[in-house]
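As a plain string of letters, each chain reads:
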Amino acid sequence: DETRQAVVTIIGFPGKAFLNLLKMMVLPLIAGSMIAGVCALQETGAQTGRMAKVALMYFAGTTTVAVMLGLLLVVTIRPGAGGAEWVGPAGKEEVATTDKTMIETILDIFLKLFPSNIVAA
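Residues numbered from 1 in each chain as written. Predicted model: local features only at pLDDT ≥ 70, side-chain atom pairs only at ≥ 80, totals over all residues. Heavy atoms only, no water.

Quick look at helix α3 (residues 102-111) now. Three or four residues apart is the spacing at which side chains of an α-helix point the same way, because the helix has 3.6 residues per turn. If you check which residues of α3 are buried, you get Glu104, Leu107 and Leu111. Looking straight down α3, one finds that the buried residues subtend no more than 70° of arc, so they occupy a single side. Residues Met102 and Ile109 are exposed on α3 and point more than 90 degrees away from its buried face. (Buried < 20%, exposed > 50% of the residue type's maximum accessible area, 1.4 Å probe, protein only. Helix = DSSP H or I, 4+ residues; strand = E, 2+ residues; numbered from the N terminus. Arc of directions from axis to C-beta.)

Right, dumping it as structure tokens:
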């Protein structure tokens, strides 16, 4: 059973690394395509330039509303607050231990080389 789990972990590593790299590329790709599209529309004429400005303002407005709504919900709901913390018998906080194998630990270290967020890189 341990051998099977080790094989699954080793085979799954390249897939996890690839998906992390894809997630890291999504936001810059979308932002770049939006900017390129708006710039291409501004060059074609006055009417399409006006449409490009409206599209850009719409994008900025919806993004601002989404950020404000997200911040409002986080401040209001406070996710994660009041969660149970592990306290040992002597009243001291203890660090939870995991039962990871050596292979899982090494692959986790290498998986951190491929962040899923470009800001976390």
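Once you've had a look at it, read on.
With that settled, the discussion passes to the pattern of salt bridges. One side chain can pair with another of opposite charge once the charged atoms of both are near each other. Applying the stated criterion to the full structure yields one salt bridge. Aspartate 108 serves as the salt-bridge partner of lysine 100, at 2.3 Å between the closest nitrogen and oxygen. Lysine 100 gets classed as partly exposed once you look at its relative accessible area, which sits at 46%. (Salt bridge = Lys/Arg side-chain N within 4 Å of Asp/Glu carboxyl O.)

Considering the arrangement of structural elements, one finds proline 14 in helix α1 (residues 2-44). Taking the C-alpha atoms as reference points, proline 14 and leucine 107, 93 residues apart in sequence, are found 9.8 Å from one another.

The residue threonine 9 is located in helix α1 in this model. Among all residues touching threonine 9, those that are not within four sequence positions of it are Glu104 and Leu107. (Contact = heavy atoms within 4.5 Å.)

Take unusual backbone geometry next. The phi torsion at arginine 78 lies on the positive side, around 55°, for a residue other than glycine. Residue placement: arginine 78 occurs in the loop between α2 (46-77) and α3. Note on arginine 78: relative accessible area 54%, which makes it exposed.

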